[in-house]
Each structure stands twice: as C-alpha cells, then as structure tokens.
Amino acid sequence: MDSAEYCFSSSRSRTPSRRNSAAAALALTALLLTALIPAPSFADAVQPAGRADSIPHRSRPFFVMLRSAAVPGWGQLYNRKYLKAAGVVAGEGLLAYQAWNEFRKENDAVERLETLLESGSDPSDPAYIAVDEEREAHRNRKINWIWWGLAAHLLSMMDAYVDAHLATFDADFGPPQSVRDFGEKPRLTLAIRTRF
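The rules we used
Residues numbered from 1 in each chain as written. Predicted model: local features only at pLDDT ≥ 70, side-chain atom pairs only at ≥ 80, totals over all residues. Heavy atoms only, no water. Patch = residues over 30% accessible without salt bridge, like charges linked within 9 Å, V, L, I, M, F, W, Y side chains within 5 Å. Areas by Shrake-Rupley, 256 points an atom, 1.4 Å probe, with all protein chains shown as cover. Salt bridge = Lys/Arg side-chain N within 4 Å of Asp/Glu carboxyl O. Helix = DSSP H or I, 4+ residues; strand = E, 2+ residues; numbered from the N terminus. Buried < 20%, exposed > 50% of the residue type's maximum accessible area, 1.4 Å probe, protein only. pLDDT = per-residue confidence, 0-100. Contact = heavy atoms within 4.5 Å.

Focus: a nonpolar patch on the surface
A contiguous nonpolar patch, built from I146, W147 and L150 and spanning about 330 Å² of accessible area, is present on the exposed surface. Turning to its location among the elements, L150 is positioned in helix α6 (residues 126-165).

Regarding the environment of L150
Judged by relative accessible area, which is 45%, L150 ranks as partly exposed. Spatially, the C-alpha atom of L150 lies 9.2 Å from that of L95, the residues being 55 residues apart in sequence.

Concerning the confidence of the model for the chain
Per-residue pLDDT for the chain has a mean of 76; in total, 62% of the residues score no lower than 70. Every residue in residues 1-17 scores below 50 in pLDDT, and together they form one contact with partners more than four places removed in sequence or on other chains. Contacts for the low-pLDDT stretch residues 39-55, under 50 throughout, to residues beyond four places or in other chains number nine contacts.

Notes on unusual backbone geometry
Not every positive phi belongs to a glycine, and R80 is a case in point at roughly 65°. Mapped onto the elements, R80 comes out in the loop between α4 (74-78) and α5 (82-118). Using a relative accessible area of 55% as the deciding quantity, one classes R80 as exposed.

Side note on the pattern of salt bridges
One pass over the full model with this rule turns up eight salt bridges. Between K84 and D163 there is a salt bridge; the shortest N-O distance is 2.9 Å. Pair noted here: K84 is in helix α5 and D163 is in helix α6, with a separation of 79 residues, a long-range link. The exposure class of K84 is partly exposed, given its relative accessible area of 36%. The residue R139 makes a salt bridge to E136 at a minimum N-O spacing of 3.7 Å. Remark: E136 and R139 occur in helix α6; sequence separation between them is three residues, near one turn of the helix. Overall, R139 belongs to the partly exposed group, its relative accessible area being 33%. Because the salt bridges share partners, they merge into one network encompassing D132, R135, E136 and R139.

As structure tokens, then:
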C-alpha cells in the first residue's frame, strides 16, 4: 500500500479573503475610535454633585498610549509635553524620510539592473555585480532605518504611557521637612563605607 495515497493537507489558503480584510478594517476602526473617545473615570461617576476634587482626572494611560500609537506625538500633546511632541514628530519623520530615500535608491538600482540585462549584459559582468551590490546595500540600509523607526515609535508610545501615569504625581525636590521646620541650612555630607 502506497502511503502517498492517504496524505492530505489541512493548511489554509494564503490568499487574503474579503472577509478577513473587512474584519481587519473594522478592528482598526474600532481601535482608533476607542483612542479618540475620552473614557470617563470611575471617580467622575461616583463623585457627588457640587464636590470639587483637587486631583485632576486624566484619561487612562493606555488610551494615551494608543493615541501616540495612532499618530506620532499625539500622546505627548495630550500630556501637554509640547517640546517632546515636536521631538517625536521630527525624529520619526526623519527616520521615515531616510527609509523612503533608501527605498528610492534601491528601486533606481533595480531599474539599472533591468537596463543592463535588457542591453545583453551577463549577471557575471563586473558592472552588473557592482550595481547588484549597491542595490543590496540600499536594501539593508532601508531595513535598518525601518527598524530604528519602529523602535522610536515604541519608545514614544511608552513615554506617553509613563507621562500619563505621572500626570497627577506631585513631587517635592526641596530640602527635607526637618530643615524647613528648624530653620537649618542644607548641608552636604560625605560618608565612606568599607568592607573587610
């Protein structure tokens, strides 16, 4: 008995269907809408009327991170970090431009390779090899710029998330309370510790 007669494949088709692309578009739309709509906080829902709270209520950090994921710098703008937002837009824009520039140079090299082949050049010719190496170098640089862009985008998302968490954090970096109470001047102390 030949075992090949009883073999079958259970792999799915790799061609995208209209149903899958419609579901992906619907999921992306729902994700963007949740990022755009501010979520009410629990404290707003249970707070009695007429009572003012001293802590400003901000959107949840996850939604601020989604804003930054959807549009570079949007999360920083929401957190009122305008200089960071400008830096994020400029940095990610520069990385995207560099990737696009290398993509154009790669396509130019591909067109020159096709021209060389149409003119009867052999792939073992030194001119063809030089252009092929140039194409490969531009391709590698393009991939590097894309990875740097993705890393910068993830970093800006995490920055927006952390800034949203720290939005209501009130830090006091002044002298300790004991110094203020007793009128002492701040002093610098040096300590040396050794182990034997």
